[in-house]
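Listed below are the residues making up each chain.
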Amino acid sequence: MKSVLRNIGNSKGVIIPQNFLKECHIDSEVNIEIRDSSIVISPALDIKRKGWEEAFKEMAKNGDDQLVIPDLFDDEHIEDWKW
C-alpha cells in the first residue's frame, strides 16, 4: 500500500489504516525504530514491568512481601536528622 507523508508541525506523519493497526495489535502506543534504512513501527510492550502486578499479588498472598532491609538501622538516630 502506498501512502503520502503529511506535515504535522515540524514533523511528518502518515495515516495508518485501522485494519493494519488491529492486525498488528496496536492500540495507542508504538515503538518506532530504524532497521536497515527502514522505519519499523511495532506495538509498545512494557516488558520491563510485565507481570509485576500478578507477581506482587502472589507475594502478598504468600506473605513474601516483607521488608528485607529495615527502614531504620539500630544505630541510626532519627532525632539527629535535619529537615
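Above: the structure in question.
Residues numbered from 1 in each chain as written. Predicted model: local features only at pLDDT ≥ 70, side-chain atom pairs only at ≥ 80, totals over all residues. Heavy atoms only, no water.

A. Quick peek at the pattern of salt bridges. Throughout the structure, instances matching the rule amount to 3 salt bridges. Put simply, Glu33 and Arg35 hold a salt bridge, and the shortest N to O gap is 3.1 Å. (Salt bridge = Lys/Arg side-chain N within 4 Å of Asp/Glu carboxyl O.)

B. Main features of a nonpolar patch on the surface. Together, Met1, Leu5, Val14, Ile16, Phe20, Val30, Ile32, Ile34, Ile39 and Ile41 make up an exposed nonpolar region whose accessible area comes to about 1,000 Å². Breaking the nonpolar patch down by element, the ones donating at least two residues are strand S3 (30–35) and strand S4 (38–43). Position of Ile34 among the secondary structure elements: in strand S3. Classification of Ile34 as exposed rests on a relative accessible area of 70%. (Patch = residues over 30% accessible without salt bridge, like charges linked within 9 Å, V, L, I, M, F, W, Y side chains within 5 Å. Areas by Shrake-Rupley, 256 points an atom, 1.4 Å probe, with all protein chains shown as cover. Helix = DSSP H or I, 4+ residues; strand = E, 2+ residues; numbered from the N terminus. Buried < 20%, exposed > 50% of the residue type's maximum accessible area, 1.4 Å probe, protein only.)

C. Molecular detail of the pairing of S4. Where S3 and S4 come together, 6 bridges link them in antiparallel fashion. Residue pairing for S4: Ile34 is matched across the bridge by Ile39. The turn joining S3 and S4, which pair antiparallel and follow one another in sequence, is formed by 2 residues; a positive phi near 50 degrees is taken by Asp36. (Pairing = 2+ DSSP bridges.)

D. Region of the structure containing the layout of surface pockets. When its volume is computed, the largest pocket comes out at roughly 290 Å³. In this structure, the largest pocket is lined by Leu5, Lys12, Gly13, Val14, Ile16, Leu21, Ile26, Ser28, Val30, Ile32, Ile39 and Ile41. Breaking the lining of the largest pocket down by element, the ones donating at least two residues are strand S2 (11–13), S3 and S4. Here the residues of the lining of the largest pocket sort into 9 nonpolar, 2 polar and 1 charged. Approximately 180 Å³ is the volume attributed to the second largest pocket. Taken together, Met1, Ser3, Val14, Ile15, Ile16, Pro17, Phe20, Leu21, Cys24, Ile26 and Ile41 make up the lining of the second largest pocket. When the residues that make up the lining of the second largest pocket are grouped by side-chain class, the tally is 10 nonpolar, 1 polar and no charged. (1 Å grid on protein atoms, 1.4 Å probe; cavity = no way out; pocket = protein on both sides within 12 Å on 5 of 7 lines; lining within 4 Å. Points joined across faces, edges and corners; volume = space filled by probe spheres on them. Nonpolar A, V, L, I, M, F, W, Y, C, P; charged D, E, K, R; others polar.)

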